[in-house]
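# Architecture at a glance
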Amino acid sequence: MMSTPDLSAAIAANNLVKRFGAVVAVNGVSLSIPPGEIFGLLGPNAAGKSTLIRLLSGILSADGGSAEILGYDLVTRAEAIKKRIGYVAQHFALYPELTVAENLDFYSAIYQPITDAEQARLLEQYGLTPYRRQRAGLLSGGYKRRLSIACAMAHDPKLIFLDEPTAGIDPVTRKELWETFYALAAAGKTLFVTTHYMEEAERCNRLAFINKGRLVAEGTPTEIKGLLKDYRVYACRLRYDPAVVAALSAIDGVLVLNQFGDELRIITDEGTTPDQLAAVVAPRLPSGSHMHAVESTIEDVFITLTRESPAP
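A brief look at the structure comes next. (Residues numbered from 1 in each chain as written. Predicted model: local features only at pLDDT ≥ 70, side-chain atom pairs only at ≥ 80, totals over all residues. Heavy atoms only, no water.)

### Observations regarding the packing of helix H9 (residues 242-249) against helix H10 (residues 274-281)
Running from N to C, H9 and H10 cross one another at 155 degrees; their axes reach a closest spacing of 9 Å. Considering their axes alone, H9 and H10 lie roughly antiparallel with respect to each other. Here the hand of the crossing between H9 and H10 comes out right-handed. In this structure, H9 contributes Val244, Ala247 and Leu248 to the contact, and H10 contributes Leu277, Val280 and Val281. (Axes fitted to C-alpha atoms, helices over the stretch in contact; angles between N-to-C directions. Helix = DSSP H or I, 4+ residues; strand = E, 2+ residues; numbered from the N terminus. Parallel < 35°, antiparallel > 145°, perpendicular 65-115°, else oblique. Left-handed = near helix turned anticlockwise from the far one by under 90°. Contact = heavy atoms within 4.5 Å.)

### A word on the side chain of Asp300
Relative to the elements of secondary structure, Asp300 occurs in helix H11 (residues 298-306). A distance of 3.0 Å separates a polar atom in the side chain of Asp300 from the backbone nitrogen of Thr297. Non-local contacts of Asp300, meaning those with residues more than four positions away in its chain, are made with Leu228, Val233, Arg265, Ile267 and Glu295. (Polar contact = N/O pair within 3.5 Å; in protein donor to acceptor, adjacent residues only side chain to side chain.)

### Concerning the pattern of salt bridges
Any two side chains of opposite charge can pair, given that their charged atoms come close. Throughout the structure, instances matching the rule amount to 16 salt bridges. When the shortest N-O distance is used, the salt bridge between Arg206 and Glu37 registers 3.1 Å. Placement of the pair is Arg206 in strand E9 (residues 206-211) and Glu37 in the loop between strand E2 (23-33) and strand E3 (38-42), with a sequence separation of 169 residues. Across this residue pair, the class does not change: Arg206 and Glu37 are buried. (Salt bridge = Lys/Arg side-chain N within 4 Å of Asp/Glu carboxyl O. Buried < 20%, exposed > 50% of the residue type's maximum accessible area, 1.4 Å probe, protein only.)

### Notes on a nonpolar patch on the surface
Judged by side-chain polarity, Tyr95, Phe106, Ile110 and Tyr111 come together as a nonpolar surface patch covering roughly 400 Å² of accessible area. The class for Ile110 is exposed, based on a relative accessible area of 52%. (Patch = residues over 30% accessible without salt bridge, like charges linked within 9 Å, V, L, I, M, F, W, Y side chains within 5 Å. Areas by Shrake-Rupley, 256 points an atom, 1.4 Å probe, with all protein chains shown as cover.)

Here it is, written out as structure tokens:
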């Protein structure tokens, strides 16, 4: 078991900056993530999620700011950090021609070879025992993810970075993987997870939204849902209607329109009145239906805070 310094934060980042030419991919990001927490990072494509993970894991060098990972300075103690973290890339990054067991042996040997008993435990923990002799490239998407996580855990890291670990995975497998994440957190591991799935955001202890390299929100799921204090959210039972969308979009103060099957959600600034909206939607509502104010969801907050234009 590797020792680490006493620490109050598994990740403590201060004003991190990363540039690629004229593009500022990470722009003044500060974070404090305690040990044993599942921390979720959400953002649109090209928002800076993967770049931030690569900075915090020492794969990329920062152009500004500072960070301590597991109590070690990110610049001066990068090698010590790398021995104590696990990293699961967004895309399958193992060797497809090697078997499941051979991949585990290879990746553990980078740090310290594992015993047969340790390999058997990892295979069993991640449901890979029946596939130990199968080539990794022939595994299903879900089992490739399991193998990637098992390889990342082979040296018993204290902090695991998971870059969209459930992308393209069916809901049942996704649930099973999240049960694994909870078990790891309960064992004292810290998980830093990026995702595009709003239901996964609800599973995290705390969240942050990143947009154009900047953090635009941070807090528990409950705290995130309360961030739209200066906005109003309405819903009505109404099938998608291009004429309604066009009319609502023309109203000053309508920020987001989001269709969910037969429900239309409308997010406005506080200066837009319900009567302005009702004048458009009421004539088209089914009998007995009406527009009403609702509590904001994580997706409402995410779309509002990361929107590129006043309305879709």
